[in-house]
Amino acid sequence: LNLFIMKTRLLLFMMLIFSFGNAQINVNEGFESGALPSGWFSFGGGVVSSTTPISGTHSVRFAASGSGTGVKDLLTADYTSTGNAINISFFSNEEGAAFVTYEVLYKINNSTPVTVGFQTRASSAVPQNNTYTIPAGTIPAGNLVDVTIRVYVMSGSASMLVDNVVITQA
């Protein structure tokens, strides 16, 4: 009986270790359900059925005007890091006359946000693919990480669409 208990404990321990070794982030969100996924939040925007979607029938739409004001955020749920590089991509386009900035940030264990990168461009109805990478070792294995896509208008006014958010980590 003691041998059986020891083997059972060893098996459970190995399964626990194996599950951590194979944890990965694999997000592919197109918002086609018409709502944000569980644990995601949108500040200043929401999922809409769009007459000009980037793909499918739904996108997250933000509207802003001003000069560097009206910051809008799309925040993912928390995911457990493996310590490897995290690749982030999403499609975006704009409707209106403005200079729009897209910024990607991450937080480790809900700490202070860190900017991965940003770009500013003039409004264009042509969808743009935005790609960013958090280098390997930046977020240690076992720590929680969430990603924020931040959108704001530098001048003018525009509606911005975000779609097909893909976040992967092996």
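Our subject is the structure listed above.
**Some thoughts on the packing of aromatic side chains**
- Summed over all chains, the structure comprises 4 aromatic pairs.
- Measuring from centroid to centroid gives 6.4 Å for phenylalanine 41 and phenylalanine 43, while their planes differ by 20°, and the two rings are stacked.
- For phenylalanine 41, a relative accessible area of 47% gives the class partly exposed.

**What to know about unusual backbone geometry**
- Backbone geometry places phenylalanine 31, a non-glycine residue, at a positive phi of 65°.
- Inspection of the secondary structure puts phenylalanine 31 in the loop between strand 1 (25-29) and strand 2 (41-43).
- Here the phi dihedral of asparagine 110 falls at roughly 60°; this positive angle occurs in a residue that is not glycine.
- Residue placement: asparagine 110 occurs in the loop between strand 7 (86-108) and strand 8 (114-122).

**Let's talk about the environment of glycine 117**
- Position of glycine 117 among the secondary structure elements: in strand 8.
- Judged by its relative accessible area of 14%, glycine 117 is buried.
- For glycine 117 and isoleucine 134, which are 17 residues apart along the polypeptide, the C-alpha to C-alpha distance reads 9.5 Å.
- Among all residues touching glycine 117, those that are not within four sequence positions of it are Tyr102, Glu103, Val104 and Tyr132.

**Some words on the pattern of salt bridges**
- Applying the stated criterion to the full structure yields 4 salt bridges.
- Its salt-bridge partner being arginine 61, residue glutamate 95 comes within 2.9 Å of it at the nearest N-O pair. Of this pair, glutamate 95 sits in strand 7 while arginine 61 sits in strand 4 (residues 58-65); the two residues are 34 residues apart in sequence, bridging distant segments of the chain.
- One salt bridge connects lysine 107 with aspartate 146, and the closest N-O pair in it is separated by 4.0 Å. One end of the pair, lysine 107, is in strand 7; the other, aspartate 146, is in strand 10 (residues 144-169), with 39 residues separating them in the sequence. Taken individually, lysine 107 and aspartate 146 each receive the classification buried, so the pair is uniform in this respect.

About the cut-offs
- Residues numbered from 1 in each chain as written.
- Predicted model: local features only at pLDDT ≥ 70, side-chain atom pairs only at ≥ 80, totals over all residues.
- Heavy atoms only, no water.
- Phe/Tyr/Trp six-rings, centres within 6.5 Å; stacked < 30°, edge-to-face > 60°.
- Buried < 20%, exposed > 50% of the residue type's maximum accessible area, 1.4 Å probe, protein only.
- Helix = DSSP H or I, 4+ residues; strand = E, 2+ residues; numbered from the N terminus.
- Contact = heavy atoms within 4.5 Å.
- Salt bridge = Lys/Arg side-chain N within 4 Å of Asp/Glu carboxyl O.

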